[in-house]
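# Geometric and topological summary
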Amino acid sequence: MTEKQTALAPSAPQSVFSRGTLGDRFIIALAIICTFIAFSPFGYAVLTSLKSEWKDGSIIPFLQFEPNLLNWQQEFGSGGAETIKALRNSTLISLGATAVATTLGTLAGYGLARFKYGIGNRNLVSWFLSQRFLPPVATLIPFVLMFRDLKLLDTLPGMVIVNATFTLPFAVLIMRDYFADLPSELREAALVDGAGEFTTFWRIALPLARPALVASTLICFAFAWNEFLFASVLANRNWKPYPMLVAGSDTVRGIDFGFVTTRMLIAVTVPVILSLMVQRFIVRGLTFGAVKG
């Protein structure tokens, strides 16, 4: 082979670590290590959910076992009624709280982005943000007293209200930032053409804010789905969500880790599937106003 042919011959494919500088290789290795650390609890949960007994004398107990679906069969078999009821409760509570928080948060976000208020828009935004810094346990007793008088303890409306209250700031802040970054010329052109404020919001601003709307909806749903503190006090029997079922996986012999991991995997499956389905909207909705303050 001549020198010219050697120069034109395709080179062998290089691995990721053979390209780039030493710093790039270090970053790639660090990313791989961080990914392994992040996913290792879920891997351990999957392995634990597939074992019903431990082998004596095993060198690596969490790997040396015969996998089976006994924990999953018992979860949806003998205890299936309780599991299905808890999943139904979590679904209804999360959907209701998400609908309320997203609706109110979208309207409030548009108002904060397009109008000026005497108290100061920045002060209002700071007030909404402060709701996330407030320890939820500080409002637990007032909620119990109010819900007792209103007969909302252990009811679906009561659980929806309390979850919507603490997820509303996410929707307000996300939608406000997105609406603020939309070109003001669109609103002005619509007003010149005779459209009212609500028509401008409904037909122009809201369709353009679909990525932020999807992102805020999913975030509100995830927080409402994972809520445990208020559910443990405000819902004792009829409307217990699924996180309370996960926390109640102990037996007379101690914690049954097989049941705990099985229920934990079921609990995280729904938000993960929703996140994967609307991933492109989440990334765009959360990063649209990242450059501006």
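Residues numbered from 1 in each chain as written. Predicted model: local features only at pLDDT ≥ 70, side-chain atom pairs only at ≥ 80, totals over all residues. Heavy atoms only, no water.

## Quick look at the overall build of the protein chain
- From N to C terminus, the protein chain includes 14 helices and two strands.
- Of all 293 residues assigned to the protein chain, the portion counted as buried reaches 33%.
- Within the protein chain, contacts between residues at least 6 apart in sequence are counted, and of these 70% link residues at least 24 apart.
- Accessible surface, the protein chain as shown: approximately 18300 Å² in total, 67% of it carbon and sulfur. (Helix = DSSP H or I, 4+ residues; strand = E, 2+ residues; numbered from the N terminus. Buried < 20%, exposed > 50% of the residue type's maximum accessible area, 1.4 Å probe, protein only. Contact = heavy atoms within 4.5 Å. Areas by Shrake-Rupley, 256 points an atom, 1.4 Å probe, with all protein chains shown as cover.)

## Observations concerning the packing of helix H4 (residues 80-114) against helix H10 (residues 210-225)
- Interhelical geometry of H4 versus H10 gives an angle of 140° and a closest axis separation of 8 Å. Looking at the two axes, H4 sits oblique to H10. For the pair H4 and H10, the crossing hand works out as right-handed. Packed against H4, whose contacting residues are Leu87, Ser90, Thr91, Ser94, Leu95, Ala97, Thr98, Ala101, Thr102 and Thr106, the element H10 presents Leu213, Ser216, Thr217, Cys220, Phe221, Ala224 and Trp225 at the interface.
- Here the residues of the contact of H4 with H10 are counted per class, giving nine nonpolar, eight polar and no charged. (Axes fitted to C-alpha atoms, helices over the stretch in contact; angles between N-to-C directions. Parallel < 35°, antiparallel > 145°, perpendicular 65-115°, else oblique. Left-handed = near helix turned anticlockwise from the far one by under 90°. Nonpolar A, V, L, I, M, F, W, Y, C, P; charged D, E, K, R; others polar.)

## Points about the side chain of Asn71
- With respect to the helices and strands, the residue Asn71 is situated in helix H3 (residues 70-76).
- Judged by its relative accessible area of 5%, Asn71 falls in the buried class.

## Concerning the confidence of the model for the protein chain
- Within the protein chain, residue pLDDT values average 81, and 81% of them lie at 70 or more.
- Within the protein chain, no element has a lower average pLDDT than helix H1 (residues 3-8), which sits at 50, and none a higher one than helix H6 (residues 140-149), at 92.
- In the predicted structure, residues 289-293 sits below a pLDDT of 50 and forms two contacts with residues beyond four places in sequence or in another chain. (pLDDT = per-residue confidence, 0-100.)

## What about the environment of Leu70?
- Along the chain, the position of Leu70 falls in helix H3.
- The class for Leu70 is partly exposed, based on a relative accessible area of 35%.

## Examining the packing of aromatic side chains
- Scanning all chains against the criterion turns up 13 aromatic pairs.
- Between the aromatic rings of Tyr110 and Phe115, the centroid separation amounts to 6.4 Å while the plane-to-plane angle is 75°, which identifies the pairing as edge-to-face.
- Look at Tyr110 and Phe179: their rings are 5.2 Å apart centre to centre, the planes differ by 90°, and that puts the pair in the edge-to-face class. Of this pair, Tyr110 sits in helix H4 while Phe179 sits in helix H7 (residues 156-181); the two residues are 69 residues apart in sequence, bridging distant segments of the chain. (Phe/Tyr/Trp six-rings, centres within 6.5 Å; stacked < 30°, edge-to-face > 60°.)

## Concerning the pattern of salt bridges
- Summed over all chains, the structure comprises three salt bridges.
- Where Arg148 meets Asp149, a salt bridge forms, and the shortest distance between an N and an O atom there is 3.6 Å. As far as burial versus exposure is concerned, Arg148 and Asp149 are alike and both exposed. (Salt bridge = Lys/Arg side-chain N within 4 Å of Asp/Glu carboxyl O.)

## Description of H7
- Taking 1.5 Å per residue as the helical rise, H7 with its 26 residues ought to reach 38 Å, and the 37 Å between its terminal C-alpha atoms agrees with that figure.
- The sharpest bend along H7 measures roughly 40° and falls at Thr167, with the proline Pro169 sitting one to four residues further on. (Expected span 1.5 Å × (residues − 1). Bend = angle between axes of the 7 residues up to and from the residue.)

## Section: the nonpolar core
- Counting residues in hydrophobic clusters, the biggest one holds 14 residues, and the most contacted among them are Phe143, Phe147, Met159, Val162, Phe230 and Leu234.
- When contributions to this core are tallied by element, the ones reaching two or more residues are H6, H7 and helix H11 (229-234).
- Residues contacting Val162, with those up to four places away along its chain left out, are Phe143, Phe147, Phe230 and Leu234.
- With eleven residues, the next largest nonpolar core counts Ile174, Tyr178, Phe201 and Ala209 among its residues. (Core = buried A, V, L, I, M, F, W, Y, C linked by side-chain atoms within 4.5 Å.)

## Topic: a nonpolar patch on the surface
- A cluster of nonpolar side chains, namely Phe26, Ile27 and Leu30, defines an oily patch on the protein surface of about 320 Å² accessible area.
- Position of Phe26 relative to the elements: it lies in helix H2 (residues 22-49).
- When its relative accessible area of 56% is taken as the criterion, Phe26 is described as exposed. (Patch = residues over 30% accessible without salt bridge, like charges linked within 9 Å, V, L, I, M, F, W, Y side chains within 5 Å.)

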